[in-house]
Amino acid sequence: MVVAILPFLQRTSIAYFSMEIALRPEIHSYSGGLGILAGDTARSCADLELPVVFVTLASRAGYLRQEIAADGSQVGHDDPWSPAEWATPLEAMIAVAIEGRSVWIRPWLYVVTCPIGHQVPVLLLDTDLDQNAPEDRKITDHLYGGDEVYRLMQEVVLGIGGARMLQALGFSIGTYHLNEGHAAFLTLELLRRRRRSGGNGLAHEVDHVRDMCVFTTHTPVEAGHDRFAYEDVQRILGADFVPFDELRPLAGEDRLNMTRLALNLSGYVNGVARRHAETTQRMFPGYRIAAITNGVHAPTWTHPAFARLYQDILPNWGHEPELLVRADQLRDEDVWAAHQRAKRDLLEEILRSTGVAMDPDVPLIGFARRMTGYKRPDLLLADVQRLRAIDARFPFQVVMAGKAHPCDTQGQHMIRDIHDRMRQLSPDIRTAFMPNYDMALARTLVAGTDLWLNTPLPPLEASGTSGMKAALNGVLNLSVLDGWWIEACIDGVTGWSIGRDGAEGAEQHGHDLYDRLEGQVLPTYYQDRARWIGMMKQGISKIASYFNSQRMMRRYTTEAYVRP
Ligand SMILES: *Cc1c(COP(=O)(O)O)cnc(C)c1O
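Residues numbered from 1 in each chain as written. Predicted model: local features only at pLDDT ≥ 70, side-chain atom pairs only at ≥ 80, totals over all residues. Heavy atoms only, no water.

1. Overview of the domain arrangement of the protein chain
Part 1 of the reasoning: Here the protein chain is partitioned into domain 1 (2-63 + 75-294 + 552-561) and domain 2 (299-547).
Part 2 of the reasoning: The straight-line distance from the C-alpha centre of domain 1 to that of domain 2 is 32 Å.
Part 3 of the reasoning: Facing the 27 residues of domain 1 at the interface are 28 residues of domain 2.
Part 4 of the reasoning: Across the domain 1 to domain 2 interface the summed buried area is about 2,200 Å²; carbon plus sulfur atoms make up 58%.
Part 5 of the reasoning: When the buried surface of domain 1 facing domain 2 is broken down by residue, Tyr63, Arg275 and Asn294 rank first, second and third, together holding 24% of it.
Part 6 of the reasoning: At the boundary of domain 1 with domain 2, the tally comes to one salt bridge.
Part 7 of the reasoning: Across the pair Arg554 and Glu322 runs a salt bridge whose closest N-O atoms are separated by 2.5 Å.
Part 8 of the reasoning: Counting the contacts that link domain 1 with domain 2 gives seven residue pairs in polar contact (both at pLDDT 80 or more).
Part 9 of the reasoning: For the side of domain 1 that touches domain 2, the secondary structure elements donating two or more residues are helix 2 (33-47), helix 10 (274-283) and helix 21 (549-561). (Domains from an automatic or database assignment. Contact = heavy atoms within 4.5 Å. Buried area = accessible area lost by both parts, 1.4 Å probe. Salt bridge = Lys/Arg side-chain N within 4 Å of Asp/Glu carboxyl O. Polar contact = N/O pair within 3.5 Å; in protein donor to acceptor, adjacent residues only side chain to side chain. Helix = DSSP H or I, 4+ residues; strand = E, 2+ residues; numbered from the N terminus.)

Okay, here's the thing in structure tokens:
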């Protein structure tokens, strides 16, 4: 019996599977938005006492530690962390067959504790065991690293290994939530289990699995959906794991498509914002795609200065962020003082990490995201002349951050290009690129800027969550109408839009961004501070009260986990 897990066995009935999860900055088992969402989900499950266990990979070598070289290019390193320092090893082992070998898996237990003491367990699966061959010991090392076959082996460990581990530990799970398609092999393990216990033909077995599975898809970008060659699947899993004539209709004829597999074996499927659900519905006609818009964990992303303000007038705000709807009652001078406090913290961090001294009285525009094509991180700095002209009337400064995946050459190029442009703007316009965007840096950035910019190419931003974190701290959003912002933007009240309704041509967005900055955003900051602060309060009360992970998890519970 594994003692540390005992308190959770009786009360847990839901398992949440995710390739990545951001538990705390020191645990490098995440890369970006998907992992942050999984972490916020776990924090809200603890707050709400939901009966959930989380399953992920240990990712001992992390994702990517980013340095910026003198020429402005990204230098990537491993980003190891030490499970023994943060988690408890459980004396349980199970095996999955990979290429005919038994690959043994052991879990680390990390417990998420909410401020009032409720806890949920997280299992981090690890193959770095003496029992395994040297190459198998590395399967759970590099998050999103290696080639397609490496990824396939990781997803076998996550989906099949994860399901077996829960069973071996004594969990009795009625609902499995697949956070993105990476864990979809789990559905095949459940099919096999059903068959062994006396299945009733494939159609009935599929229905049985569908009753237990919930699938959340996160990306309308084609490359974001894993596909594996059937020859590889056959070599890795063996030909009879699930017979191929049964698997192909469920997972795709030519290649095994993890999204298809999850869609076909989940009784509830959702996108992560209304627009994203519509886009997904068009990509996969014939499936019913619901929408549950993402949210962020309020206490995690709120600067201490704002937390104190909220605490004073709304003592239960952390547990029930809906209460922030009354943040419009805050005093203007308190809101401004809290904001300037958060801004000073960020400016100190910018100085420390880049040597750039920013001015606390000049508006600071922030942009931090994955450096990849559709996020268009190059849009803001595209027209150096125009930026200079705007700055001559209304001075501003810019801080940016973000990693590019080691295989994303366009993203890497964008980072170099951003640095070139920053040099051209210097010294008139103060700019800084902060290396190694992670959870800790994100907390400082989303609280300390004045304006949070987002420029995705519609409809490719599934949701976006960093703008929600900004709103919790009274930071105003300026964003293309895509993902969550379609639902949150009241132009001139909660922030500003770039473009009108998302239907305008994308080539318009650059001009519109500059027009907005020069025509509305910066003049409001300089000439109508009362209105600016009024908008900060509108942003908190109208955005933070709704786009939080408490509301999100209440909806998953009543709409996805408990189904008629
Ligand atoms: C919130 C967050 C993200 C996701 O932000 P988007 O708005 O979806 O781009 C990515 N990385 C880190 C470190 C974050 O904190």
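2. Side note on the sheet that holds strand 20 (residues 495-498)
Part 1 of the reasoning: One open sheet accounts for six strands, arranged 17-16-15-18-19-20; its pairing is parallel. Edge positions in the sheet fall to strand 17 (431-434) and strand 20, since each has one partner strand and no second. With direction set aside, neighbouring strand axes in the sheet form an average angle of 20 degrees.
Part 2 of the reasoning: In this structure, strand 16 (residues 397-401) lies alongside strand 17, joined through four bridges in parallel fashion. Its bridge partner being in strand 17, Val399 is matched across the sheet by Ala432.
Part 3 of the reasoning: Helix 16 (residues 439-448) contacts strand 15 (364-368), strand 16, strand 17 and strand 18 (451-454) of the sheet and is inclined by roughly 155 degrees relative to strand 16. (Pairing = 2+ DSSP bridges. Axes fitted to C-alpha atoms, helices over the stretch in contact; angles between N-to-C directions.)

3. Considering the site of the ligand
Part 1 of the reasoning: In the region of the ligand, 14 residues are neighbours, and Arg369, Lys375, Ala442, Ser466 and Lys469 sit closest.
Part 2 of the reasoning: Here an oxygen atom of the ligand and a backbone polar atom of Thr465 are 3.2 Å apart.
Part 3 of the reasoning: Notes on the ligand: free accessible area 390 Å², of which the protein chains cover 93%.
Part 4 of the reasoning: Those elements giving two or more residues to the shell around the ligand turn out to be helix 2, helix 16 and helix 17 (466-472).
Part 5 of the reasoning: In terms of residue class, the shell around the ligand is made up of five nonpolar, five polar and four charged.
Part 6 of the reasoning: Residue-level mapping places the shell around the ligand at the junction of two domains, with at least three residues from each of domain 1 (2-63 + 75-294 + 552-561) and domain 2 (299-547). (Near = heavy atom within 4 Å. Areas by Shrake-Rupley, 256 points an atom, 1.4 Å probe, with all protein chains shown as cover. Nonpolar A, V, L, I, M, F, W, Y, C, P; charged D, E, K, R; others polar.)

4. Section: the pattern of salt bridges
Part 1 of the reasoning: Applying the stated criterion across every chain, the model contains 35 salt bridges.
Part 2 of the reasoning: A salt bridge links Glu99 to Arg101; the nearest nitrogen and oxygen atoms lie 2.9 Å apart.
Part 3 of the reasoning: Between Arg388 and Asp428 there is a salt bridge; the shortest N-O distance is 2.3 Å. Linking Arg388 in helix 14 (residues 384-393) with Asp428 in the loop between helix 15 (409-425) and strand 17, this pair joins segments that are 40 residues apart in sequence.
Part 4 of the reasoning: Note on Asp428: relative accessible area 49%, which makes it partly exposed.
Part 5 of the reasoning: One salt-bridge network, in which partners are shared between bridges, spans Arg60, Asp126, Asp128, Asp130 and Arg137. (Buried < 20%, exposed > 50% of the residue type's maximum accessible area, 1.4 Å probe, protein only.)

5. Topic: the pairing of strand 15
Part 1 of the reasoning: With respect to burial, strand 15 is a largely interior element, five of its five residues being buried.
Part 2 of the reasoning: The side-chain alternation of strand 15 yields two buried faces, one formed by Leu364, Gly366 and Ala368 and the other by Ile365 and Phe367.
Part 3 of the reasoning: Note: strand 15 against strand 16, five bridges, orientation parallel. Within strand 16, the position partnered with Gly366 by the bridge is Val399.
Part 4 of the reasoning: For the crossover from strand 15 across helix 14 to strand 16, the handedness is right-handed. (Right-handed = clockwise from strand over helix to strand, strands pointing away.)

6. Comments concerning the pairing of strand 7 (residues 101-113)
Part 1 of the reasoning: Looking at chain direction, strand 5 (residues 88-89) and strand 7 are connected through two bridges and run antiparallel. Pairing of Thr88 across the sheet is with Leu109, part of strand 7.
Part 2 of the reasoning: Across five bridges, the pairing between strand 6 (residues 94-98) and strand 7 is antiparallel. Among the inter-strand pairings, Ala97 is bridged to a residue of strand 7, identified as Ser102.
Part 3 of the reasoning: Following strand 6, the chain reverses through two residues before pairing antiparallel with strand 7; Glu99 in that reversal takes a positive phi of roughly 50 degrees.
Part 4 of the reasoning: Sheet topology places strand 7 next to strand 8 (residues 119-126); eight bridges connect them, and they run antiparallel. Bridge pairing in strand 8 places Val111 opposite Pro121.
Part 5 of the reasoning: Between the end of strand 7 and the start of strand 8, which pair antiparallel, lie five residues, with Gly117 showing a positive phi angle near 100 degrees.

7. Concerning the side chain of His28
Part 1 of the reasoning: Within the element layout of this structure, His28 appears in the loop between strand 1 (14-18) and helix 2.
Part 2 of the reasoning: The class of His28 is buried, set by a relative accessible area of 17%.
Part 3 of the reasoning: Of note is the side chain of His28, whose polar atom sits 3.3 Å from the backbone oxygen of Pro80.
Part 4 of the reasoning: Beyond its immediate sequence surroundings of up to four residues, His28 is in contact with Ser59, Gly62, Tyr63, Asp79, Pro80 and Trp81.

8. Description of unusual backbone geometry
A negative phi angle characterises most non-glycine residues, just as the trans form characterises most peptide bonds.
Part 1 of the reasoning: For the bond running from Ser426 to Pro427, omega is 5 degrees, close enough to zero to count as cis.
Part 2 of the reasoning: Examined against the element boundaries, Pro427 turns out to sit in the loop between helix 15 and strand 17.
Part 3 of the reasoning: With omega at 5 degrees, the peptide bond leading from Pro458 into Pro459 counts as cis.
Part 4 of the reasoning: In this structure, Tyr144 is a non-glycine residue whose phi angle is positive, near 55 degrees.
Part 5 of the reasoning: For Tyr144, the location among the structural elements is in the loop between strand 8 and helix 4 (148-169).

9. Here we look at the packing of aromatic side chains
Aromatic ring pairs are reported here in terms of the distance separating the ring centres and the angle at which the planes meet.
Part 1 of the reasoning: Counted according to the given criterion, the structure contains 16 aromatic pairs.
Part 2 of the reasoning: Summarising the aromatic geometry, the rings of Tyr63 and Tyr144 are spaced 6.4 Å apart at their centres and angled 80 degrees between planes, so their arrangement reads as edge-to-face. Highlighted residues: Tyr63 in the loop between strand 2 (52-57) and strand 3 (65-68) and Tyr144 in the loop between strand 8 and helix 4, separated in sequence by 81 residues. Judged on exposure class, the residue Tyr63 and its partner Tyr144 are both buried. (Phe/Tyr/Trp six-rings, centres within 6.5 Å; stacked < 30°, edge-to-face > 60°.)

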